[in-house]
Amino acid sequence: MEWELGSAADPVERGLQNYVRNVVETLGLTGDSSYVQSEPLSLYLAVDGHLPGHPNRDVALLWDEERGWAGALETGCGEDLIVVSYVGGDPLPKPEVVASYTAALLRGDAPGRSEPPAFPVAEVRRGLRWMARTPDLAGSAAGRPASVAPAWAS
């Protein structure tokens, strides 16, 4: 995974690294077909497979701190990706949720939502700081403790 992050000492960026590592492991992804940047916090993960009806376009997962996860189709060189749908609900869902969403997307189902959610960046970063302190639990089924329950989950 290629990281364009400012400082490994930054707890938000370290939390994102922990979370993404758990998502990548859950998805069973290998290789270096991913990219993470720090401003704004966002990432790109290439996914093996194609969507039904789009056999010539590669699939990717995108994440950013304002909209969470989205499934997207690759386009021509230098063009923006085409977002198919957003996971919604939680910008930092458990890796199993991301894996389930991805499997549904690749089957040709219509998972998630068509409109992008808007998550409070301060709350997302708070969740990432917690994930920096708990690398093995970041995004895992153990979940976040109630003390760092995100505002959007209420």
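Please refer to the structure placed before this passage.
If you're wondering where the values come from, they're calculated on a predicted model, not measured in any experiment.

Calculation rules
Residues numbered from 1 in each chain as written. Predicted model: local features only at pLDDT ≥ 70, side-chain atom pairs only at ≥ 80, totals over all residues. Heavy atoms only, no water. Helix = DSSP H or I, 4+ residues; strand = E, 2+ residues; numbered from the N terminus. Buried < 20%, exposed > 50% of the residue type's maximum accessible area, 1.4 Å probe, protein only. Core = buried A, V, L, I, M, F, W, Y, C linked by side-chain atoms within 4.5 Å. Phe/Tyr/Trp six-rings, centres within 6.5 Å; stacked < 30°, edge-to-face > 60°. Expected span 1.5 Å × (residues − 1). Axes fitted to C-alpha atoms, helices over the stretch in contact; angles between N-to-C directions. Parallel < 35°, antiparallel > 145°, perpendicular 65-115°, else oblique. Contact = heavy atoms within 4.5 Å. Nonpolar A, V, L, I, M, F, W, Y, C, P; charged D, E, K, R; others polar.

With that settled, consider the environment of Val20. Locating Val20 in the fold gives a position in helix H1 (residues 11-27). Under the relative-accessibility criterion, Val20 is labelled buried at 0%. Considered as a pair, Val20 and Val36 are 16 residues apart in the sequence and their alpha carbons are 9.3 Å apart.

What follows deals with the nonpolar core. Formed by 29 residues in total, the largest nonpolar core has its most connected members in Leu16, Leu43, Leu45, Leu61, Trp63, Trp69 and Leu128. Contributing elements (two or more residues each) for this core: H1, strand S3 (42-47), strand S4 (59-64), strand S5 (68-73), helix H2 (95-107) and helix H3 (121-133). Element by element, the count of residues in this core is highest for H1, at 7 residues.

What follows covers the packing of aromatic side chains. Here the structure, examined in full by the defined rule, presents 1 aromatic pair. Ring geometry for Tyr19 against Trp69: centres 6.4 Å apart, planes inclined by 50°, an arrangement best described as tilted. Here Tyr19 is found in helix H1, whereas its partner Trp69 is found in strand S5, with 50 residues between them in sequence. Accessibility classification places Tyr19 together with Trp69 in one group, the buried group.

The terminal C-alpha atoms of H3, which comprises 13 residues, lie 19 Å apart, in line with the 18 Å expected from a rise of 1.5 Å per residue. For H3, the set of buried residues is Val124, Gly127, Leu128, Trp130, Met131 and Ala132.

Right, let's talk about the environment of Arg107 for a bit. Structurally, Arg107 is set in helix H2. On the accessibility criterion, Arg107 (54% relative accessible area) is exposed. Through-space distance from the C-alpha of Arg107 to that of Gly49 is 9.7 Å; in sequence the pair is 58 residues apart.

Relative to each other, H1 and H3 sit at 75°, their axes nearing to 7 Å. With respect to H3, the element H1 is oriented roughly perpendicular. From H1, Pro11, Val12, Arg14, Gly15, Leu16, Asn18 and Tyr19 reach across to H3, where they touch Arg125, Leu128, Arg129, Met131 and Ala132. Residues of the contact of H1 with H3, tallied by class, amount to 7 nonpolar, 2 polar and 3 charged.

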